[in-house]
Structures are given as C-alpha cells and as structure tokens.
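# Notes for the structure review
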Amino acid sequence: MTAALSVTDLTREFDVSAPWLNRVVERKPRAFLRAVDDISFDVPFGSCLSLVGESGCGKSTVARLVTGLYSPTRGSLRFSTDPAGKPLAAQMIFQDPYASLNPRWRVFDIIAEPLRELKLRDGDAAISDRVSDLLSTVGLSPKDARKFPHEFSGGQRQRISIARALAGEPRFLVCDEPTSALDVSVQAQILNLMRRLQDEMNLTYLFISHDMSVVRHMSDQIAVMYLGRIVEQAPTETLFAEPKHPYTRMLLETIPNVRNPHRRREAPSGEVPSPLNPPSGCAFHTRCPLADARCQAERPAMLSHPDGSRVACHRVAEAMDPAPAAP
Ligand SMILES: Nc1ncnc2c1ncn2[C@@H]1O[C@H](COP(=O)(O)OP(=O)(O)OP(=O)(O)O)[C@@H](O)[C@H]1O
Ligand code: SF4
Ligand SMILES: [Mg+2]
C-alpha cells in the first residue's frame, strides 16, 4: 500500500538550557531534551495510524512535526502527492476546541477563513454555500453559522473545529487528543463522525490519544510510544490479541476487560522517568517486570515479526529467535 506519509529516523530536541549568564555563573552545560527520538513509521493512504502512550512521551511533538509547526532536528518526513501532483497538506484538530476557535468570530467566519485564504471559493454566495455544506457534514445546522463558539457545547465546538479543518480540503488530518476534553458519551459521537468522514472523503489520519480504548475504535495500526521512541507498532487487531512489548501490556492492563468489565481500572504502575535524563539501555527498564542486566546496558533494536508487528525489546527478540545453546 502506498504511504501518504513516510517518517524516517525522525528526532526532535528542545534546547532547555538555563540562560547564558546562569550557565556561566553556575558552570552548567547546555541541556537538550529529546522529545522524539529516532522514530520511523508509514501511514498508508486512507488508513489511520494512532500514537499512544503516557503524558510526555512525545505524541504532540510528532503531531507538530508532521504539520510543520516544528522542524526536525534530524530525520525526514515525506508526504506523497495527491492525484493532481501536489504534496498532501496536513491539517490539525486539537484537544481543546475552545482554545483553537477564535471566541470573537462567528462560526461563519471561522469556517470561511480557510476558504478565503486558500481561494477555494470565489464570491460571497459560493463561500456561504460551502460553509452551510460543511456545517451539515459535521452534523450542525447551517443556521449555526451566525452564532459564536461560546454558544455551543464542547462536542459541538469540536464539530466546528472539524468543519474548519475540512474547509481547507485536506487529504491528511492530524488529530491530537480530539476527544479527551469531552464527556464519554459525546466522545463516541465525535469518533463516529470522524470515522464516517474518513470513509466518505478517503482521508488519512494520524490520530493521537493516551486512551487505548479510543485508539482501538479508530485505528488500522497502533504505535506505542515511550520516552520519545516507538516501542511497538502493530495492526490494531494484532496489538490487542497479542501485545508483545511489556509496556504495551502494561497499558492494556489499564482498560476494562471485556470478559471482566467490573475489574478496577488501574493506572500504569511506576513513574515515567525524566526525558532530560532518560535511563540507559532500554528506557523502560526502570519499570519493566522482565528487565535484566542486558536491558540496562543495551538499547533494544526494533525487530519485525511475521504477524506484521515491530517490537523493540530484548526479551521479545530472544523468545522469537532463541540464542544457540552453549556447547
Ligand atoms: N517547546 C518545548 N520546549 C521544551 N520541551 C518541550 C516542548 N514541547 C514539548 N516538550 C517536552 O517534550 C516531551 C514530550 O512532550 P509532548 O507534548 O510531545 O508529549 P505528549 O505525549 O503529547 O504528552 P501529553 O499526553 O501530556 O499531551 C515532554 O517532556 C515535554 O515537556
Ligand atoms: S528490553 Fe528489557 S527492560 Fe526493555 S521492555 Fe524488554 S525486557 Fe523490559
Ligand atoms: Mg500532547
């Protein structure tokens, strides 16, 4: 399958050094935080790849790299071209629909802005028709165009954000926790809307969530991130049927079990280490129940498995390809 987006060896560091004078007086070196550390993945056309992981693992940084808000420190991002030969552009949908909509603008102007900026419609009548169509597409009424964002509920505001993103006619949407700020019942409506739009418009999604049950609903592929790195990537069914990386298993422990829905939902155990001073070897070794001396010393390579998954873990690799017995 052709990739809409190919990401290769992508790294992004932030300079988090103290101001120059403090560094001189306190003899502190410069400090860099590696928010995204050498990650590679492809997103096939018309599919949804989700990034999942605990707070601070680098999901939003990847989203900002993909939409061009940040530039890579190293590595590359390559979008395919659309049928007209233009490189695909990515539009972003954010977590907080209120913060991402201008509160002083009417919904009409919020949605019309990309139409005018990108010269996608000419003349007031054509712009007005298109705004009405977009509002209907996301389940709102054309009459809502006259209102301001504060007159809507959280779920309706996220529908407005989606209409605005679609106004630019993107083929690729980056959705950063688009439902995390919403009530559970509303979350499902917005996720269903996004899936319907994906089918109808043949959109490609990079979807971000810390919630395993949300990504299960949305994704064709899931990439699990830990401290800036992808530790496991697999087709959704495979990841849920046979999670391999100990961190993926820990995350799956936190969602209600279908066979035992009354089991208490537990947060993943242990603290995420500081990305300013990440652990040696496998960065997960400070929390991993299977860690041994090799895990502390040596960073595991990403290995591909016959079921389509990729996993970076010494133990998983050893189980796959047992070392020859000593003579
Ligand atoms: N502009 C920045 N300057 C310095 N550090 C940053 C910057 N942006 C992100 N970071 C750091 O990079 C790491 C990854 O942050 P990021 O926002 O990508 O994580 P996330 O997975 O989206 O987390 P969350 O689930 O909380 O949204 C964090 O340690 C964060 O503090
Ligand atoms: S490499 Fe070692 S520490 Fe890392 S996940 Fe695998 S077993 Fe755990
Ligand atoms: Mg984030």
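The preceding data block contains the structure.
Just so we're clear, the structure is a prediction, and the values are computed from it rather than from any experiment.

Within the protein chain, the secondary structure is distributed over 12 helices and 11 strands. In terms of C-alpha radius of gyration, the protein chain reaches 22 Å, essentially the compact-globule figure of 20 Å for 327 residues. Seen along its three principal axes, the alpha-carbon backbone of the protein chain occupies a region of about 80 × 60 × 45 Å. With 327 residues in all, the protein chain has 45% of them scored as buried.

So, about empty space enclosed by the protein. Taken as a whole and assessed by the stated rule, the structure comprises one cavity of 30 Å³ or more. Its boundaries defined by the atoms lining it, the largest cavity holds a volume of some 90 Å³. Considering the residues around the largest cavity, the lining is formed by 13 residues, among which Pro246, Cys282, Cys288, Cys295 and Cys313 are closest to the centre. Looking at the lining of the largest cavity, its residues break down into nine nonpolar, three polar and one charged.

On to the site of ligand 2. Surrounding ligand 2, one finds 13 residues, the nearest of these being Cys282, Cys288, Cys295, Cys313 and His314. Judged by the proximity of its atoms to the pocket grid, ligand 2 belongs to the largest cavity. The class makeup of the residues in the shell around ligand 2 is nine nonpolar, three polar and one charged.

Quick look at the environment of histidine 305 now. As for its position among the elements, histidine 305 is in the loop between strand S10 (303-304) and strand S11 (310-311). Leaving out residues up to four positions away in the same chain, histidine 305 has contacts with Lys244, Val311, Val316 and Met320.

Tracing the chain through its elements places serine 6 in strand S1 (residues 3-15). Here the side chain of serine 6 touches aspartate 42 through a polar contact of 3.1 Å, side chain to side chain. The residues contacting serine 6, other than those within four sequence positions of it, are Phe41, Asp42, Ser76, Leu77 and Arg78.

Now for the state of the cysteines. A covalent bond between the sulfur atoms of two cysteines is referred to as a disulfide. Here the structure, examined in full by the defined rule, presents zero disulfides. In this model cysteine 175 remains outside any disulfide bridge; the closest cysteine sulfur is found in cysteine 48, 7.2 Å from its own.

Before going further, it helps to examine the packing of aromatic side chains. Tallied over the full model, the rule gives five aromatic pairs. Residues phenylalanine 14 and tyrosine 70 carry aromatic rings whose centres are separated by 5.3 Å and whose planes lie at 75 degrees to one another, so their mutual orientation is edge-to-face. Linking phenylalanine 14 in strand S1 with tyrosine 70 in the loop between helix H2 (59-66) and strand S4 (74-79), this pair joins segments that are 56 residues apart in sequence. Among the aromatic residues, those joined into a cluster by ring pairs are Tyr226, Tyr247 and Phe284. Its guanidinium or amino end placed over the ring of tyrosine 70, arginine 12 lies 5.1 Å from that ring's centre, counting from NZ or CZ. Taking NZ or CZ as reference, arginine 216 lies 4.2 Å from the ring centre of phenylalanine 240, over its face.

The rules behind each value
- Residues numbered from 1 in each chain as written.
- Chains lettered and ligands numbered in written order.
- Predicted model: local features only at pLDDT ≥ 70, side-chain atom pairs only at ≥ 80, totals over all residues.
- Heavy atoms only, no water.
- Helix = DSSP H or I, 4+ residues; strand = E, 2+ residues; numbered from the N terminus.
- Rg over C-alpha atoms; globule rule 2.2 N^0.38 Å.
- Buried < 20%, exposed > 50% of the residue type's maximum accessible area, 1.4 Å probe, protein only.
- 1 Å grid on protein atoms, 1.4 Å probe; cavity = no way out; pocket = protein on both sides within 12 Å on 5 of 7 lines; lining within 4 Å.
- Points joined across faces, edges and corners; volume = space filled by probe spheres on them.
- Nonpolar A, V, L, I, M, F, W, Y, C, P; charged D, E, K, R; others polar.
- Near = heavy atom within 4 Å.
- Sits in = over half its atoms within 2 Å of the grid points.
- Contact = heavy atoms within 4.5 Å.
- Polar contact = N/O pair within 3.5 Å; in protein donor to acceptor, adjacent residues only side chain to side chain.
- Disulfide = S-S within 2.5 Å.
- Phe/Tyr/Trp six-rings, centres within 6.5 Å; stacked < 30°, edge-to-face > 60°.
- Lys NZ or Arg CZ within 6 Å of the ring centre and 35° of its normal.

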